[in-house]
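# Coordinates in review
Chain by chain, the residues:
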Amino acid sequence: FKSDSYKRYDELLPVQNEINYDKVKSIQASLSNKEYKLDPILISEDNKIVDGNHRWAAQKDSEKISVNQVGLNFDELYDFLHNKPYVLRRKIDESK
């Protein structure tokens, strides 16, 4: 596990098929108003985004993105996290 690391936007690989662009715009607006502190994006060893696809999309113009990287490839990490009680799964529209 590596914390406090940084990656370029184009180095990170989103795995979520859909992005809620209203949420992305909301994050961007909060960032510009200094109202929102971004948590690091959780990524696998192979640079796939495990948690933080919307935060990643909101930082398209950033030079570096804060990440925490786990030393497992995405499939291994997904299998490890599957059905853990502390893992939340949300739909694209979080109100549902």
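Everything below is about the structure shown above.
Because the structure is predicted, anything quoted here is derived from the model rather than measured. (Residues numbered from 1 in each chain as written. Predicted model: local features only at pLDDT ≥ 70, side-chain atom pairs only at ≥ 80, totals over all residues. Heavy atoms only, no water.)

### Remarks on the nonpolar core
Of all hydrophobic cores here, the largest spans 14 residues; its most connected members are Leu 12, Ile 41, Ile 43, Ile 49, Trp 56, Ile 65 and Val 67. Elements with a minimum of two residues in this core: helix H1 (21–32), strand S2 (41–43), helix H2 (53–58) and strand S4 (65–69). For Ile 65, the contacting residues outside a window of four places in its chain are Ser 5, Tyr 6, Lys 7, Tyr 9, Leu 12, Ile 41, Trp 56 and Gln 59. (Core = buried A, V, L, I, M, F, W, Y, C linked by side-chain atoms within 4.5 Å. Buried < 20%, exposed > 50% of the residue type's maximum accessible area, 1.4 Å probe, protein only. Helix = DSSP H or I, 4+ residues; strand = E, 2+ residues; numbered from the N terminus. Contact = heavy atoms within 4.5 Å.)

### A short note on the sheet that holds S4
In space, the four strands of this open sheet follow the order S1-S4-S2-S3, with mixed pairing throughout. With one partner strand each, in any of the chains shown, strand S1 (2–7) and strand S3 (49–51) form the two edges of the open sheet. Across the sheet, the mean angle from the axis of one strand to that of its neighbour is 45°, orientation sign disregarded. Pairing of S2 with S4, which is carried by three bridges, proceeds in the parallel orientation. Bridging from a neighbouring strand, Leu 42 pairs with Asn 68 of S4. (Pairing = 2+ DSSP bridges. Axes fitted to C-alpha atoms, helices over the stretch in contact; angles between N-to-C directions.)

### Quick look at unusual backbone geometry
Although it is not a glycine, Asp 4 sits at a positive phi angle of roughly 55°. Judged by its relative accessible area of 65%, Asp 4 is exposed. Of note, Asn 47 is a non-glycine position whose phi angle comes to about 65°, a positive value. We classify Asn 47 as buried; its relative accessible area is 16%.

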